[in-house]
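The primary structure of each chain is shown beneath.
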Amino acid sequence: MKYQLLKNKIPAEIVKYLQSYTLEVKERVNMHLGKEKPNGSGVYWQGLDMASSSPLSVDIENDKLYSVYASHWMYDIITEYISEPYFFNDQIVVKEPHENFKFEPHYDNQYGPYPNDKTLVTINCMLILDDYTDENGAINVDGKTLYPKTGDILLIEGNTIHSSENNKTDYPRRAYICVYSNRPIGKDFQKGFYYHKFDDNSKI
């Protein structure tokens, strides 16, 4: 599986919550761009990795976001592709109106921690919070431009090339990304990512 588009999979109340919360987080991140971050990648960039353990949010906010990452419905989705998944990373990616923020062609596993290990399986589950269009950045996966809709989930395998362009509209383009792996890999990578198993004991 290089990618899979699952249509209308996010509960409506979760879409509404994520649309609002991702914008709040983006505003906080904008005030810290380039500064050191104590977890994940170790630096604040235009998106936010390890979003459900963000130092810029209070515990109740992080816990609520994590409840999406560890939800029973995300477990049902990811176990169709990884039978024994582990948590690795969750990200908030908001492209603000006319923001210079695009992703050049890349594959997620190239950033580590084991870029040359083909037995490592990671899957990026992109929770789509706005309809994607050519004007707001769309997304190109494996050479094909895709146009997911609000409420869809786009799954991208970690060795699959993908990219996206700037948002040239007057409205935000938002996504919440849940990344899972087939083994624990996050503990000693950079400043530290998730590495515990996603099973019945961790579902929320």
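Each remark here, short or long, concerns the structure printed above.
Each value, and the rule that gives it
- Chains are numbered independently. Their residues run from 1 in the order of the written sequence.
- Local features are withheld for residues below a pLDDT of 70 in this predicted model, meaning they are given only at 70 or higher, and side-chain atom pairs are given and counted only at 80 or more; totals for whole chains, interfaces and linings count all residues.
- Heavy atoms throughout the structure, all of them, feed into the side-chain values; hydrogens and water do not.
- Put simply, a nonpolar core is a bunch of buried Ala, Val, Leu, Ile, Met, Phe, Trp, Tyr and Cys residues held in one set by side-chain atoms that sit within 4.5 Å of each other.
- The rule is simple: take the accessible area with a 1.4 Å probe, protein chains only, and divide by the maximum for that residue type; under 20% is buried, over 50% is exposed, in between is partly exposed.
- Strands are runs of DSSP state E lasting at least two residues, helices are runs of H or I lasting at least four, and both sets are numbered from the N terminus onward.
- The criterion used for residue contact is that any of the two residues' heavy atoms lie within 4.5 Å.
- Note on aromatic contacts: the rings of Phe and Tyr and the six-membered ring of Trp form a pair at centre separations within 6.5 Å, being stacked when their planes are under 30 degrees apart, edge-to-face when over 60 apart, and tilted otherwise.
- The criterion for strand pairing is that DSSP finds at least two bridges linking the strands in question.
- Whenever a helix is involved, its axis is fitted only over the stretch in contact; in every case the axis is a line through C-alpha atoms, and angles between N-to-C directions fall within 0 to 180 degrees.

(A) A look at the nonpolar core. Judged by nonpolar contacts, the single largest core of 56 residues is most densely connected at Trp73, Met74, Cys125, Leu127, Ile153, Tyr176 and Tyr180. Mapped by element, the contributors of at least two residues to this core are helix 1 (12–30), helix 2 (59–69), helix 3 (72–78), strand 2 (86–95), strand 4 (122–128), strand 5 (139–141), strand 7 (153–157) and strand 9 (173–181). In terms of residues, this core owes the most to one element, helix 1, which gives 7 residues. With sequence-adjacent residues up to four places away left out, Tyr180 is seen in contact with Tyr69, Met74, Ile78, Ile82, Pro85, Tyr86, Phe87, Val121, Thr122, Ile123, Cys125 and Phe198.

(B) Summary view of the packing of aromatic side chains. If you walk through the whole model with that rule in mind, you get 16 aromatic pairs. Considering the side-chain rings of Trp45 and Phe101, the 6.5 Å spacing of their centres and the 75° angle between planes classify their relative orientation as edge-to-face. Here Phe101 lies in the loop between strand 2 and strand 3 (103–106) and Trp45 lies in the loop between helix 1 and helix 2, a separation of 56 residues in the sequence. Centroid distance Tyr69 to Phe87: 4.9 Å. Interplanar angle 70°. Geometry classified as edge-to-face. Within this pair, whereas Tyr69 is found in helix 2, its partner Phe87 is found in strand 2, the two being separated by 18 residues in sequence. Residue class for Tyr69 comes out buried when judged on its relative accessible area of 0%. Under the relative-accessibility criterion, Phe87 is labelled buried at 0%.

(C) Spatial organisation of the sheet that holds strand 5. The antiparallel open sheet is built from 4 strands, whose spatial order is 3-8-5-6. At either margin of the open sheet sits one strand with a lone partner, and together these are strand 3 and strand 6 (144–146). Going across the sheet, the axis of each strand differs from the next one's by a mean of 20°, ignoring polarity. Bridge analysis of strand 5 against strand 8 (residues 162–164) gives 2 bridges, and the strand direction is antiparallel. Along strand 8, the bridge assignment pairs Val141 with His162.

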